[in-house]
Amino acid sequence: HVYQWRVGKADGLNRGSLTTVCVPQLLSVGFPGGMATETPVVLPFRGNQFSFSLTCKEKPQDTPLADLAAVIFGRDGQVLDVVHPNKLSALMGAVCSGRDSSIWPENCQSVPGDDVIHVFPKKMDPAAEAIALVVSAPQCPGKVLDLGSAPLLDFVVTFSEPGDPGTQSRINRDLKACTRRLLEDGKGGSMVACVAYLDQPGWTVRFDLAGSPHPSWSMMVPEMKAAILRVKTEAGVALDACQAIEGQPQDETTILGFSRVYEDRSLDEAASVRLPEPTQVSKLRLDVAWKFWNPKKEPEEEMEGVNVEFAIKFFDGNGEEILSAGTGEREVDGVVVGRPDPSEAGDEEEKEEEEKEEEEDEEGEGEEEDVLDENGEPVLNEDGEPVKKPKKEKPPPPPEPAEDPYEFKQRDVAFITLKDLPKEVRSFIVLITNYEEAGFKPIKHAGIKLWDISKGEEQARPLMDYGHISKFEMEEKVTQVALLKVYKEYDDSAWNLWREAARDKGVRTLEEWVHGDPNAIKDALKAALAKHKAYKAKLAEREQAEEEEDEEHPPPELRTYKWRYSVPALVMGGGSLDEAEHDIKNNLLNYDGPLKANEARNYDCARVQFSGEVQDTFFGTYAGDLKCGPGIYCFATSAFYAGDFKGGKREGRGIHLMPDGGIYEGELANDRFHGQGQYRYPDGSVYTGSWAVGKKDGPGMYWDIAKGCMRGNWSKGVLKGHAVYDQPAMHYEGEFVRGVPAGPCQFTIALNRTLDMPKFAASHILDNKPVLKAPAEYSIPPGSGAEPELDEEGQPIEDSDKPPLPTLATGYEGLGFKSSGLPEAVDEIVFPPPEATPVPIPGVPQFKIPPPGVPTFQVPGGIIPAPAPAPAPAAEAPPTQA
């Protein structure tokens with residue numbers, strides 16, 4: 001029989017409520033819902049391996065919403081090394097990630113989990129004393145992510161007894177149960193799951209569960225040190241690291257450099273992490289490094305097929321390169337590559353060390369010395385010759401230290417002053433290249449670090465740190481890697497529109513917002529339109545002033561923006577940057593999100609800024625390289641759309657705001673209004689009904705600014721066939737041809753519905769029911785109502801032989817009217833008629849009937865005027881004539 005020992009906890013006198021847990025879980029976790037014992041777990045002495053695993057996905061194909069990092073602290077209380085998603089090993093392989101089995105030591109035992117970190121105690125550096133295991137929710141610019149976003153957070157410590165590696169013991173902890181408390185405290189970005197520490201003679205694990213609002217271990221140095229101190233205060237183990245931390249001044253602003261692939265952040269936000277006040281970045285330092293795979297220890301200058309360089313390429317809004325700096329170009333506007341005054345001290349020190357080594361070698365190879373007796377006289381051998389001391393043998397060279405594949409071997413540095421860049425610069429990218437035949441095959445590691453040095457290098461703060469690890473033979477065709485992109489995100493972009501709206505409403509995802517409150521969406525679109533109009537007004541003023549441009553002090557950019565950076569990690573081939581133009585322009589410059597060369601874009605939070613002096617922008621979902629799903633599109637023409645996309649087109653349901661203020665709500669297909677929808681015109685009129693290919697088509701209802709309601713059928717945007725028109729004082733029924741009345745009709749006039757009529761007069765007319773109905777007929781020139789022929793683009797072809805159709809544009813010239821009978825008294829009618837209520841459209845707020853400012857008239861209630869503010873005093877009106 002398979003069994004386990006369990007311990008039960010009764011809930012007071014309620015015998016029916018008994019919670020039981022297995023003993024190993026009790027020792028490390030405690031009872032669910034509270035009473036955690038937090039007893040440290042002592043791992044087997046002389047064990048070869050213990051592992052930490054995190055499971056955060058329900059299905060293998062799901063995107064992980066959390067990751068795991070191991071931060072190793074030395075006995076001095078400082079960070080010694082780290083394993084994280086972009087750095088898969090530390091301390092020469094003593095700690096490594098489960099993401100790549102090729103870096104595992106021999107006999108490493110596999111452990112299940114979405115993110116796994118293995119520790120090999122016998123390989124551990126003696127200086128290492130504690131490991132903080134941190135679970136973090138990666139930040140995403142397009143949605144609010146925290147530890148509560150992951151469907152699972154199962155954390156497991158796995159170990160095996162010495163001599164029995166095949167049998168693994170596991171201690172589980174459901175971290176998801178802890179996230180609610182952390183989220184309530186505003187600390188749901190990351191969590192110190194546990195601290196593993198060296199408590200002689202072996203390692204011990206203590207669960208900590210302290211949270212932080214920050215999305216990365218690199219921003220949690222104070223929290224991790226506090227967790228190590230709790231090993232002393234709560235577990236009673238006085239580590240050397242604890243004493244060192246207690247003796248150090250605690251700096252709550254400390255952060256370390258680290259970036260995930262595809263990370264995207266504001267420079268100002270990244271520099272302000274943990275600072276008491278926000279800061280603004282004005283100057284950057286860029287450190288560039290690469291390291292060769294060189295088993296033969298050849299001098300780098302003699303390696304075949306190697307000519308590694310770095311470049312910073314600056315582009316305008318049209319994707320055209322306007323500046324370049326780097327290995328070849330050392331100084332351009334706003335950029336200085338290399339230190340201003342190269343230090344010669346380093347060269348002199350190296351020369352002195354070489355001379356010292358040569359002198360030591362010469363001493364070791366000098367003449368042999370005589371052996372002296374106690375009186376200082378030479379000792380003679382049998383032949384009477386002095387006995388010589390044996391020559392000093394040159395000590396063997398020390399073994400070469402094992403190479404760290406992630407070593408940051410700095411090659412160059414660049415300083416970028418943002419305000420001194422040409423104002424045409426919209427973005428710049430940093431590339432490391434080797435266009436020679438070998439490509440990236442001989443490059444083991446290439447990386448960059450970005451620093452904020454706005455307050456001087458002595459106060460430099462890390463912004464990003466990312467490296468590319470070569471796959472050796474797989475990288476022979478790789479010749480260039482784009483590691484960093486820095487760009488202007490304009491305040492009127494689609495992404496900023498969503499961010500401001502979501503921040504105000506507490507919305508977590510784009511889909512939640514797009515499919516949420518339509519009134520909130522309209523308010524956000526209208527606010528964006530107002531900003532766009534203000535920008536265009538300023539632009540027109542500048543053009544009208546025709547000021548001469550001052551080359552030394554050009555006018556400031558009118559559109560407001562913030563500098564952001566992203567980590568594209570885009571690997572490309574080709575013998576030059578020009579050969580990668582497609583990836584550069586279409587993916588790297590215009591697109592922000594996960595991407596790979598020659599692969600389709602698939603991302604639910606993609607941001608696109610298209611080419612142009614004022615660019616269209618998009619924020620939403622890409623699938624198969626096309627816009628698909630919820631999204632926001634901002635047009636350079638000052639139009640805005642929030643809704644669904646399919647196959648790269650606006651399709652589904654959405655809200656479309658026009659530059660003139662007109663707004664459409666409803667269904668779309670192939671970038672056109674199609675299906676059921678409602679359009680509110682800038683003048684206040686509203687159409688509700690059917691649409692086809694962008695035009696009114698089918699049954700619909702139109703409320704105009706004359707307080708009237710037209711009901712009928714539209715075809716290709718114009719009224720056609722039988723229609724009914726109602727106003728407070730009139731009812732009309734008749735035929736229409738291409739939007740013009742033509743054919744028999746009937747007018748019903750309600751003389752008692754004049755709003756400015758005195759009350760007594762209105763009552764008198766109401767009693768006598770002066771409602772008249774009269775037949776009539778409209779006529780149009782023969783042949784003018786025929787449908788025009790269309791060209792290939794669907795536009796009407798003008799026919800000079802056909803008489804023009806009378807329209808409003810022509811003052812209805814040619815439209816005939818005649819009365820076809822005498823009027824007759826009829827019963828009173830109700831306004832608005834019951835039929836004037838539009839059919840409800842899903843997702844579109846119900847149109848209020850009647851519209852604001854339109855009165856109602858009911859029998860026997862009489863006139864019910866619309867609410868209106870009190871009019872200003874005016875002269876007395878003349879008597880009303882019958």
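Since the model is a prediction, treat every value here as computed from it, not as a measurement.

(A) Up close: the environment of glycine 467. Looking at the secondary structure, you find glycine 467 in strand 24 (residues 461–469). Along the backbone, glycine 467 and valine 567 are 100 residues apart, and their C-alpha atoms lie at a distance of 10.0 Å. Sequence-distant contacts of glycine 467, defined by excluding residues within four places in its chain, comprise His445, Ala446 and Gly447.

(B) Highlighting the packing of aromatic side chains. By the definition in use, this model includes 32 aromatic pairs. Where phenylalanine 673 meets tyrosine 679, the ring centres are 6.2 Å apart and the plane angle is 50 degrees; that geometry is what we call tilted. Each member of the pair, phenylalanine 673 as well as tyrosine 679, carries the same accessibility label: buried. Ring-pair connections join several aromatic residues into one group, and the members of that group are Tyr591, Phe610, Phe618, Tyr622, Tyr633, Phe635, Tyr641 and Phe645. Between the NZ or CZ atom of arginine 607 and the centre of the ring of tryptophan 495, over which it lies, the distance is 4.8 Å. Above the face of the tyrosine 641 ring, arginine 650 is positioned so that its terminal group lies 5.9 Å from the ring centre.

(C) Here's a closer look at a negative patch on the surface. Taken together, the side chains of Glu298, Glu301, Glu302, Glu304, Glu309, Glu436, Glu437 and Glu476 present a region of like negative charge at the surface. Topologically, glutamate 476 is positioned in the loop between strand 24 and strand 25 (480–490).

(D) Highlighting the nonpolar core. Core analysis: the biggest nonpolar cluster contains 45 residues, and Leu267, Leu286, Phe310, Ile312 and Phe428 have the highest contact counts within it. For this core, the leading source of residues is strand 16 (residues 283–292), giving 5 residues. Those residues within four positions of isoleucine 312 in sequence are excluded, and the remaining contacts are Leu286, Leu323, Ser324, Ala325, Val335, Ala414, Ile416, Phe428, Ile429 and Val430. Val119, Leu147, Phe159 and Leu198 belong to the second largest nonpolar core, which has 42 residues in total.

(E) Up close: the side chain of threonine 179. Along the chain, the position of threonine 179 falls in helix 2 (residues 176–184). Residue threonine 179 is classed as buried on the basis of its relative accessible area of 5%.

(F) Quick peek at the pairing of strand 30 (residues 617–623). Among the 7 residues of strand 30, 6 are classified as buried, and the element is accordingly described as predominantly covered. Relative to strand 30, strand 29 (residues 603–609) runs antiparallel, the two sharing 5 bridges. Note on strand 30: the bridge partner recorded for tyrosine 603 is tyrosine 622. Of the strand pairs in this sheet, strand 30 and strand 31 (residues 626–634) are connected by 6 bridges, and their pairing is antiparallel. Each residue of the ladder has a partner; that of tyrosine 622, found in strand 31, is lysine 627. Counted along the chain from strand 30 to the antiparallel partner strand 31, the turn is 2 residues long, and its residue glycine 624 has a positive phi close to 60 degrees.

(G) Structural detail: unusual backbone geometry. A positive phi angle, near 55 degrees, is found at methionine 92, a position not held by glycine. Note that methionine 92 resides in the loop between strand 7 (89–90) and strand 8 (95–97). We note that asparagine 107 has phi near 70 degrees; this positive angle belongs to a residue other than glycine. Its place among the elements puts asparagine 107 in the loop between strand 8 and strand 9 (115–119). By relative accessible area, asparagine 107 is classed as exposed at 64%.

(H) How the structure looks around the sheet that holds strand 10 (residues 128–136). The strand order across the open sheet built from 6 strands is 3-14-13-10-5-6, with neighbouring strands paired in antiparallel fashion. Lying at the two open borders of the sheet, with one neighbouring strand each, are strand 3 (41–42) and strand 6 (79–83). Note that strand 5 (residues 67–74) and strand 6 share 4 bridges and pair antiparallel. In the sheet register, isoleucine 72 faces strand 6, and the bridge partner there is aspartate 81. Contacting strand 13 (190–199) and strand 14 (202–212), helix 2 runs over the sheet at an angle of about 40 degrees to strand 14.

(I) Structural context of helix 9 (residues 518–545). End to end, helix 9 covers 41 Å across 28 residues, agreeing with the expected 40 Å (1.5 Å per residue, within 8%). Turning to helix 9, its buried residues number three or more, namely Pro518, Ala520, Ile521, Lys522, Ala524, Leu525, Ala528, Leu529, His532 and Tyr535. Capping the start of helix 9 is the job of one residue whose side-chain oxygen sits 3.1 Å from the backbone nitrogen of asparagine 519: aspartate 517.

(J) Geometry of the sheet that holds strand 21 (residues 410–417). The strand order across the open sheet formed by 6 strands is 19-20-21-16-23-24, and the pairing between neighbours is antiparallel. Of all the strands in the sheet, the pair left with one neighbour each is strand 19 (331–332) and strand 24. The pairing of strand 16 with strand 21 spans 7 bridges and is classified as antiparallel. Each residue of the ladder has a partner; that of lysine 283, found in strand 21, is threonine 417.

(K) Region of the structure containing a positive patch on the surface. On the surface, Arg672, Lys695, Lys716 and Lys720 cluster together into a positively charged patch. Mapped onto the fold, lysine 716 is located in the loop between strand 38 (709–715) and strand 39 (718–727).

(L) Fine view of the pattern of salt bridges. Inspection of every chain in the model, using the stated rule, returns 34 salt bridges. Residues lysine 291 and glutamate 407 are paired through a salt bridge, measuring 2.8 Å at the closest nitrogen-oxygen approach. In this pair, lysine 291 sits in strand 16 while glutamate 407 sits in the loop between helix 6 (345–364) and strand 21, placing the two residues 116 residues apart along the sequence. Relative accessible area serves as the criterion here: at 6%, lysine 291 is assigned to the buried category. With relative accessibility at 36%, the residue glutamate 407 sits in the partly exposed group. Where lysine 313 meets glutamate 321, a salt bridge forms, and the shortest distance between an N and an O atom there is 3.6 Å. Counted as one network, the salt bridges with shared partners bring together Arg206, Asp208, Arg230 and Glu234.

About the thresholds
- The residue numbers shown here count from 1 along each chain, following its written sequence.
- Given that this is a predicted model, residues contribute local features only at a pLDDT of at least 70 and side-chain atom pairs are listed and counted only at 80 or more, while totals for whole chains, interfaces and linings are drawn from all residues.
- Heavy atoms throughout the structure, all of them, feed into the side-chain values; hydrogens and water do not.
- Each helix corresponds to a stretch of at least 4 residues labelled H or I by DSSP, and each strand to a stretch of at least 2 residues labelled E; elements are numbered beginning at the N terminus.
- Residue contacts are defined here by distance: any two heavy atoms, one from each residue, within 4.5 Å place the two residues in contact.
- Only centres within 6.5 Å qualify two rings of Phe, Tyr or Trp (six-membered ring in Trp) as a pair; their planes then separate them into stacked at under 30 degrees, edge-to-face at over 60, and tilted for everything else.
- Only protein chains enter the accessibility calculation, which uses a 1.4 Å probe. A residue is then buried if its area is under 20% of the maximum for its type, exposed if over 50%, and partly exposed in between.
- Charges are assigned to positions over rings by a cutoff of 6 Å between ring centre and Lys NZ or Arg CZ, combined with an angular limit of 35 degrees from the ring normal.
- Residues enter a patch when their relative accessible area is above 30% and they make no salt bridge; the linking distance is 9 Å between like charges and 5 Å between nonpolar side chains (Val, Leu, Ile, Met, Phe, Trp, Tyr).
- Residue exposure ignores everything except the shown protein chains as possible cover, and the areas themselves are Shrake-Rupley values with a 1.4 Å probe.
- One speaks of a salt bridge when a side-chain nitrogen belonging to Lys or Arg is within 4 Å of a carboxyl oxygen belonging to Asp or Glu.
- By the counting rule applied here, Lys and Arg register as positive and Asp and Glu as negative, while His and the ends of each chain are not counted.
- For charged residues, the charge sits on one atom: NZ in Lys, CZ in Arg, CG in Asp, CD in Glu.
- What makes a nonpolar core is a set of buried Ala, Val, Leu, Ile, Met, Phe, Trp, Tyr and Cys residues whose side-chain atoms join them at distances within 4.5 Å.
- What makes two strands pair is DSSP finding at least two bridges between them.
- Here an axis means a line fitted to C-alpha atoms, over the contact stretch when the element is a helix, while the angle between two N-to-C directions is reported on a 0 to 180 degree scale.
- Here the expected span of a helix is defined as 1.5 Å times the quantity of residues minus one.
- Identification of polar contacts relies on pairs of N or O atoms within 3.5 Å, with a donor-acceptor requirement for protein atoms, meaning one able to donate a hydrogen and the other able to accept it, and with residues adjacent in sequence counted only if both atoms are side-chain atoms.

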